Amino acid sequence: ENLYFIRIDIDEAETLKRNSKRVICSKGGFPIFNKEDEERCSALGGSPEKRILDTPEVIKVRLKEYRERTYPVIERLKQEGYNVIEVDGSPLPDEVFKSILEKLNLK
């Protein structure tokens, strides 16, 4: 009863768009969303860079794998009565995180 699965629901086209533009800090590996993140990265001696795994071709493969291998597992978990929480992934990441916390009653 205390086991929860969280499914972040977002349109595949939006996922492709966002992940194709995603950059991370070369030193810390954390995502860079804003100027503060860039400054934090710079303070570590790093710079923003694209991940090798965030090319459109690779993302399309990951989306296909999700549809074929992961989504059926999520549906099975629902059928078996597990706690599967659906969260709208279209807002910005910090809003999605807040939504997850709210649905878990942690906020």
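Residues numbered from 1 in each chain as written. Predicted model: local features only at pLDDT ≥ 70, side-chain atom pairs only at ≥ 80, totals over all residues. Heavy atoms only, no water.

### Overview of the overall build of the chain
Filter applied, for reference: A run of DSSP states H or I qualifies as a helix once it reaches four residues; a run of E qualifies as a strand once it reaches two. Both are numbered from the N-terminal end. Taken over C-alpha atoms, the radius of gyration is set against a globule rule of 2.2 Å times the number of residues to the power 0.38.
For the chain, the count of helices and strands is four helices and four strands. Reading the chain from its N end, one meets helices and strands in the order β-α-β-α-β-α-β-α. Relative to the compact-globule value of 13 Å for 107 residues, the chain shows a C-alpha radius of gyration of 16 Å, a clear excess of over 25%. For the chain, the spread of C-alpha atoms along the principal axes amounts to about 50 × 35 × 20 Å.

### Some remarks on the pattern of salt bridges
Short version of the rule: Salt bridges are identified by distance alone: a Lys or Arg side-chain nitrogen within 4 Å of an Asp or Glu carboxyl oxygen.
Throughout the structure, instances matching the rule amount to 14 salt bridges. We note a salt bridge from K17 to E14, for which the minimum N-O separation is 3.6 Å. Of this pair, K17 and E14 both sit in helix α1 (residues 12-21), three residues apart, which is roughly one turn of the helix. Bridged by salt links that share partners, the residues R7, D9, E75, K78 and E86 form one connected network.

### A few points about the state of the cysteines
Linking two cysteines covalently through their sulfur atoms gives a disulfide. Counted only if it meets this: Our working definition of a disulfide is a cysteine sulfur pair at a distance within 2.5 Å. To sort residues, take the accessible area from a 1.4 Å probe on protein chains only and compare it with the maximum for the residue type: under 20% means buried, over 50% means exposed, and anything in between is partly exposed.
Per the counting criterion, the structure on display carries one disulfide. Between the sulfur of C25 and that of C41 lies a disulfide, 2.2 Å long from S to S. Judged by the sign of its S-S torsion, about 85 degrees, the bond between C25 and C41 is right-handed. Of this pair, C25 sits in strand β2 (residues 23-25) while C41 sits in helix α2 (residues 35-43); the two residues are 16 residues apart in sequence, bridging distant segments of the chain. Residue classification places C25 among the buried positions, given a relative accessible area of 1%. Its relative accessible area of 0% is what places C41 among the buried residues.

### Section: the packing of α1 against helix α3 (residues 56-79)
Let me state the cut-off plainly: Here an axis means a line fitted to C-alpha atoms, over the contact stretch when the element is a helix, while the angle between two N-to-C directions is reported on a 0 to 180 degree scale. Reported orientations rely on four angle classes, namely roughly parallel under 35 degrees, roughly antiparallel over 145, roughly perpendicular from 65 to 115, and oblique for the rest. The sense of a crossing depends on the near helix, which, turned anticlockwise from the far helix by less than a right angle, makes the crossing left-handed and, turned clockwise, makes it right-handed. In what follows, a contact means two residues having at least one pair of non-hydrogen atoms within 4.5 Å. Polar here means any residue outside two lists: the nonpolar Ala, Val, Leu, Ile, Met, Phe, Trp, Tyr, Cys and Pro, and the charged Asp, Glu, Lys and Arg; Gly therefore counts as polar.
Following both chains from N to C, one finds α1 and α3 inclined at 140 degrees, their axes separated by 10 Å at the closest point. Regarding the angle of α1 to α3, the classification is oblique. Handedness of the α1/α3 crossing: right-handed. Taken together, the residues of α3 that come into contact with α1 (itself represented by E12, T15, L16, N19 and S20) are P56, I59, K60, R62, L63 and R67. Across the contact of α1 with α3, the residue classes break down as four nonpolar, three polar and four charged.

### Structural notes on the packing of aromatic side chains
A ring pair, where both rings are aromatic, is described by two values, the distance of the centres and the angle of the planes. Heads up, the condition is: What counts as a ring pair is set by centres within 6.5 Å for rings of Phe, Tyr and Trp (its six-membered ring), and what kind of pair is set by the plane angle: stacked under 30 degrees, edge-to-face over 60, tilted for all other angles. Only Lys NZ and Arg CZ are tested; either one counts as a charge over a ring when it is within 6 Å of the ring centre and within 35 degrees of the ring normal.
In total, this model carries two aromatic pairs according to the counting rule given. When the ring centre of F30 is taken as reference, the NZ or CZ atom of R40 above it lies at 3.8 Å.

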